[in-house]
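If you want the building blocks of each chain, they are given just below.
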Amino acid sequence: MSFYDDIVIGEPVEIGTHLFTAEEIVRFARAFDPQPFHLDAEAAKASLFGGLCASGWHTTAVFMKLNVAFMAATAARRAAEGLDQPHWGPSPGVRNIKWLRPVYAGDRITYRTTATAKRLSQRRHGWAVIDSHVDAETQDGKPALSFDASVFLRTA
């Protein structure tokens, strides 16, 4: 079976967990999203969030970091098993991004992706489009992030 054939629609796949520390929240915020509730614990206490919390873009960037590592590990595992390698292409984009609750310093966020559809491309021979739903939750099982995404996968 090919990697394309191995993709199971509707089956959640855990891609990793990440602990958000105060130091990394501030470091990311300084570089990309300098809001007081991302930069300063005391200022954050007075905000509507009530404490230092990660930028939504930070929680999304962590997904991408974990996803890239997961894809590399999947390719390595398949290679060791003598199976074909996934060859990912570009993403046509993401939709419906929702930051469902603040991610605070000390939160451990677990990320999952679930394939929702797969189809051979009608315009690009040798390629398929994989649609998926991504979700992330806190250590308490509370939803923190969700979005829908698509990516091209080479099939030939």
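Before reading further, recall that the structure is shown in the block above.
Residues numbered from 1 in each chain as written. Predicted model: local features only at pLDDT ≥ 70, side-chain atom pairs only at ≥ 80, totals over all residues. Heavy atoms only, no water.

Peer 1: Provide a residue-level description of the overall build of the protein, including the pertinent values.
Peer 2: When helices and strands are tallied, the protein shows 5 helices and 5 strands. Going from the N terminus to the C terminus, the protein shows its helices and strands as α-β-α-α-α-α-β-β-β-β. Taking all 156 residues of the protein together, the buried fraction comes to 40%. The contacts in the protein between residues at least 6 apart in sequence include a share of 69% that link residues at least 24 apart. (Helix = DSSP H or I, 4+ residues; strand = E, 2+ residues; numbered from the N terminus. Buried < 20%, exposed > 50% of the residue type's maximum accessible area, 1.4 Å probe, protein only. Contact = heavy atoms within 4.5 Å.)

Peer 1: Provide a residue-level description of the side chain of serine 132, including the pertinent values.
Peer 2: Following the sequence through the fold, serine 132 ends up in strand S4 (residues 127-137). In this structure, serine 132 is in contact with Thr113, Thr114, Ala115, Thr116, Phe147, Asp148 and Ala149, ignoring residues within four places of it in sequence.

Peer 1: How would you summarise the packing of aromatic side chains if you had to cite specific residues and measurements?
Peer 2: What the rule picks out here adds up to 7 aromatic pairs. Ring centres 6.4 Å apart and planes at 45 degrees place the aromatic pair phenylalanine 63 and tyrosine 111 in the tilted group. Highlighted residues: phenylalanine 63 in helix H5 (residues 56-80) and tyrosine 111 in strand S3 (residues 108-120), separated in sequence by 48 residues. Here phenylalanine 63 falls in the buried class, since its relative accessible area comes to 6%. The exposure class assigned to tyrosine 111 is buried, which follows from its relative accessible area of 0%. On the numbers, 6.3 Å between centres and 90 degrees between planes, the contact of tryptophan 127 with phenylalanine 152 is edge-to-face. Taken together, the residues span a long stretch of sequence, with tryptophan 127 in strand S4 and phenylalanine 152 in strand S5 (residues 143-154) at a distance of 25 residues. Judged by its relative accessible area of 22%, tryptophan 127 is partly exposed. By relative accessible area, which is 18% here, phenylalanine 152 ends up buried. Among the aromatic residues, ring-to-ring pairing joins Phe63, Tyr111 and Phe147 into one connected group. A cation over a ring is seen here: lysine 118 above tyrosine 4, with NZ or CZ 4.8 Å from the ring centre. (Phe/Tyr/Trp six-rings, centres within 6.5 Å; stacked < 30°, edge-to-face > 60°. Lys NZ or Arg CZ within 6 Å of the ring centre and 35° of its normal.)

Peer 1: Please provide a residue-by-residue account of the layout of surface pockets, values included.
Peer 2: In this approach, a probe sized like a water molecule rolls over the atoms, and the result shows the empty space that is left. Within this model, the largest pocket holds a volume of roughly 790 Å³. Taken together, 32 residues form the lining of the largest pocket, with Asn67, Met71, Trp88, Thr113 and Ser132 sitting closest to its centre. Of all elements in the fold, only helix H1 (3-6), H5, strand S2 (93-99), S3, S4 and S5 reach the threshold of two or more residues within the lining of the largest pocket. Here the element with the most residues in the lining of the largest pocket is H5; it accounts for 9 residues. Here the residues of the lining of the largest pocket are counted per class, giving 19 nonpolar, 9 polar and 4 charged. Of the volumes computed, that of the second largest pocket is approximately 220 Å³. As for the second largest pocket, its lining consists of 15 residues, and the residues nearest its centre are Phe49, Ala54, Ser55, Gly56 and Trp99. (1 Å grid on protein atoms, 1.4 Å probe; cavity = no way out; pocket = protein on both sides within 12 Å on 5 of 7 lines; lining within 4 Å. Points joined across faces, edges and corners; volume = space filled by probe spheres on them. Nonpolar A, V, L, I, M, F, W, Y, C, P; charged D, E, K, R; others polar.)

Peer 1: Describe the nonpolar core, naming the residues involved and giving the relevant values.
Peer 2: Ranked by size, the top nonpolar core spans 21 residues in total, and within it Phe20, Phe63, Val103, Ile109, Tyr111 and Phe147 carry the most contacts. When residues of this core are traced back to their parent elements, those giving at least two are helix H2 (22-32), H5, S3, S4 and S5. A per-element tally of this core places S5 first, with 4 residues. Once residues lying within four places of it in the same chain are set aside, the contact partners of phenylalanine 63 are Ile15, Tyr111, Val134 and Phe147. (Core = buried A, V, L, I, M, F, W, Y, C linked by side-chain atoms within 4.5 Å.)

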